[in-house]
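What follows is the residue order along each chain.
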Amino acid sequence: MEINGTSAIVTGGASGLGEATARLLAQRGASVVVADLNADAGEALAKEIGGTFVRTDVTSTDDVIACVDTAIAAAPLFSVVNCAGIGWASRTIGKDGEYSSAHDLDVYRKVIEINLVGTFNVCRLAATKMSQNAPDEDGCRGAIVNTASVAAEDGQIGQVAYSSSKGGVVGLTLPLARDLTPIGVRANCILPGLIDTPIYGSGPQSDEFKARLGQGVLFPKRLGYSEEFATLAVELGPAFALRGLRLLRLLRFDERRLQIGKIAVFPGHSQPAFLR
């Protein structure tokens, strides 16, 4: 699938994984729509890469339609990368045994709504317009990349809401790919591990915390870079042979160590295939 001369949407595109992906897509010749709620950062990035910023709440049908319409006004929409999402840390129950200290149900719903429902909302509306694209020589009309998290497979204490939402993203991607196969639109999912993004904040304390996290990684002893994620996300566009694929940098936590592997789970395979 050729990226040059097409349009692309990156949700959560104003920072972190989304920003790096938007930059790389623009370098590859795509007209990029930066979809985000952060207008200041989004507009600045769009201006820098020659794209367009659209203020987008991914849970809003009207917002996402406006985003898709903006993209197809520039060029045929062939690429969507879903990076929009929020985190939350809270244990299921409090220490006092009171109902009031249990995990806030409204917060749980909000995390699910943004991370899971928002991802599907973008997929369903973007794919609708992708279906109208003229197919390339392979019959491809577009590609969607969803972003989950290693927490979908190995959630930690306090991640019940976040892990639920990201597990849902993993679960929807394969049936989504099967749904969209007849129209030539592919769907894949990346499960990043520890990535150095603005979610960790900034300043000396943040740097110290990230350095400690990095020491737990076997090799290399650092957090991943957003640019590394972007490379994979963008390459899943031209890689026509891949569909319904889950890619993750597996971080298996226990009391003693942090284990790392790279796993690709393909539909129809009962066992994961390890990437060497």
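Residues numbered from 1 in each chain as written. Predicted model: local features only at pLDDT ≥ 70, side-chain atom pairs only at ≥ 80, totals over all residues. Heavy atoms only, no water.

Tallying secondary structure elements over the protein gives eight helices and 11 strands in all. Expressed as a percentage of its 276 residues, the buried residues of the protein come to 46%. In the protein, the proportion of contacts linking residues at least 24 apart, taken out of those at least 6 apart, comes to 65%. (Helix = DSSP H or I, 4+ residues; strand = E, 2+ residues; numbered from the N terminus. Buried < 20%, exposed > 50% of the residue type's maximum accessible area, 1.4 Å probe, protein only. Contact = heavy atoms within 4.5 Å.)

Now for the pattern of salt bridges. The tally for this structure, following the rule as stated, stands at eight salt bridges. As a salt-bridge pair, arginine 23 and glutamate 19 come within 3.0 Å of each other at their nearest N and O atoms. In this pair, arginine 23 and glutamate 19 are both assigned in helix α1 (residues 16–27), four residues apart and thus about one turn of the helix distant. Taking the relative accessible area as the measure of exposure, arginine 23 reaches 26% and is therefore partly exposed. Lysine 210 serves as the salt-bridge partner of aspartate 196, at 2.9 Å between the closest nitrogen and oxygen. Of the two residues, aspartate 196 sits in strand β7 (residues 195–196) while lysine 210 sits in helix α7 (residues 204–215), which places them 14 residues apart along the sequence. Through salt bridges with shared partners, a single network forms among Glu19, Arg23 and Glu48. (Salt bridge = Lys/Arg side-chain N within 4 Å of Asp/Glu carboxyl O.)

Tracing the backbone through its elements, the reader meets leucine 180 in helix α6 (residues 160–180). Taking the relative accessible area as the measure of exposure, leucine 180 reaches 10% and is therefore buried. For leucine 180, the residues in contact, after removing those within four places along its chain, are Ala127, Ile144 and Val185.

Quick look at the pairing of strand β5 (residues 142–147) now. In terms of burial, β5 is largely enclosed, as six of its six residues are buried. As paired strands, strand β4 (residues 77–82) and β5 are joined by four bridges and run parallel to one another. Looking across to β5, one finds that valine 81 is bridged to valine 145. Once you follow β4 into helix α4 (residues 105–130) and on to β5, the crossover reads as right-handed. (Pairing = 2+ DSSP bridges. Right-handed = clockwise from strand over helix to strand, strands pointing away.)

Here the focus is the packing of aromatic side chains. Counting across every chain of the model gives zero aromatic pairs. A cation over an aromatic ring shows up here: arginine 222 above the ring of tyrosine 225, its NZ or CZ 4.0 Å from the ring centre. (Phe/Tyr/Trp six-rings, centres within 6.5 Å; stacked < 30°, edge-to-face > 60°. Lys NZ or Arg CZ within 6 Å of the ring centre and 35° of its normal.)

Looking now at α1. Compared with the 16 Å implied by 1.5 Å per residue over 12 residues, the 17 Å span of α1 between its first and last C-alpha is a close match. With nine of 12 residues buried, α1 is to be regarded as a mostly interior element. If you check which residues of α1 are buried, you get Gly16, Leu17, Gly18, Ala20, Thr21, Ala22, Leu24, Leu25 and Ala26. (Expected span 1.5 Å × (residues − 1).)

Let us now look at the pairing of β4. Most of β4 is tucked away, with six of its six residues classed as buried. Of the pairings in the sheet, the one linking strand β1 (residues 7–11) to β4 comprises five bridges and is parallel in character. When the sheet's bridge partners are listed, valine 10 is paired in β4 with valine 81.

Turning our eyes to something else, we now look at the packing of α4 against α6. With their axes 8 Å apart at the nearest point, α4 and α6 run at an angle of 15° to one another. With respect to their mutual orientation, α4 and α6 come out roughly parallel. Two packed elements cross with a definite hand, and for α4 against α6 that hand is right-handed. Contacts between α4 and α6 pair Tyr108, Val111, Ile112, Asn115, Leu116, Thr119, Phe120, Cys123 and Ala127 from the former with Val160, Ala161, Tyr162, Ser164, Ser165, Lys166, Gly168, Val169, Leu172, Leu176 and Leu180 from the latter. Here the contact of α4 with α6 is composed, by residue class, of 14 nonpolar, five polar and one charged. (Axes fitted to C-alpha atoms, helices over the stretch in contact; angles between N-to-C directions. Parallel < 35°, antiparallel > 145°, perpendicular 65-115°, else oblique. Left-handed = near helix turned anticlockwise from the far one by under 90°. Nonpolar A, V, L, I, M, F, W, Y, C, P; charged D, E, K, R; others polar.)

Along the chain, threonine 56 turns up in the loop between β3 (52–55) and α3 (61–74). In terms of polar contacts, threonine 56 uses its side chain to reach the backbone carbonyl oxygen of valine 54, at 2.8 Å. The contact partners of threonine 56, leaving out residues within four places of it in the chain, are Ala35, Asp36, Leu37, Asp63, Val64 and Cys67. (Polar contact = N/O pair within 3.5 Å; in protein donor to acceptor, adjacent residues only side chain to side chain.)

What follows is about the packing of α1 against helix α2 (residues 39–49). Look at α1 against α2: their axes get within 10 Å of each other, and the N-to-C directions meet at 20°. Relative to α2, the element α1 lies roughly parallel. Our pair here, α1 against α2, has a crossing hand that is right-handed. In contact with Glu19, Ala22, Arg23 and Ala26 of α1, α2 contributes Leu45, Glu48 and Ile49.

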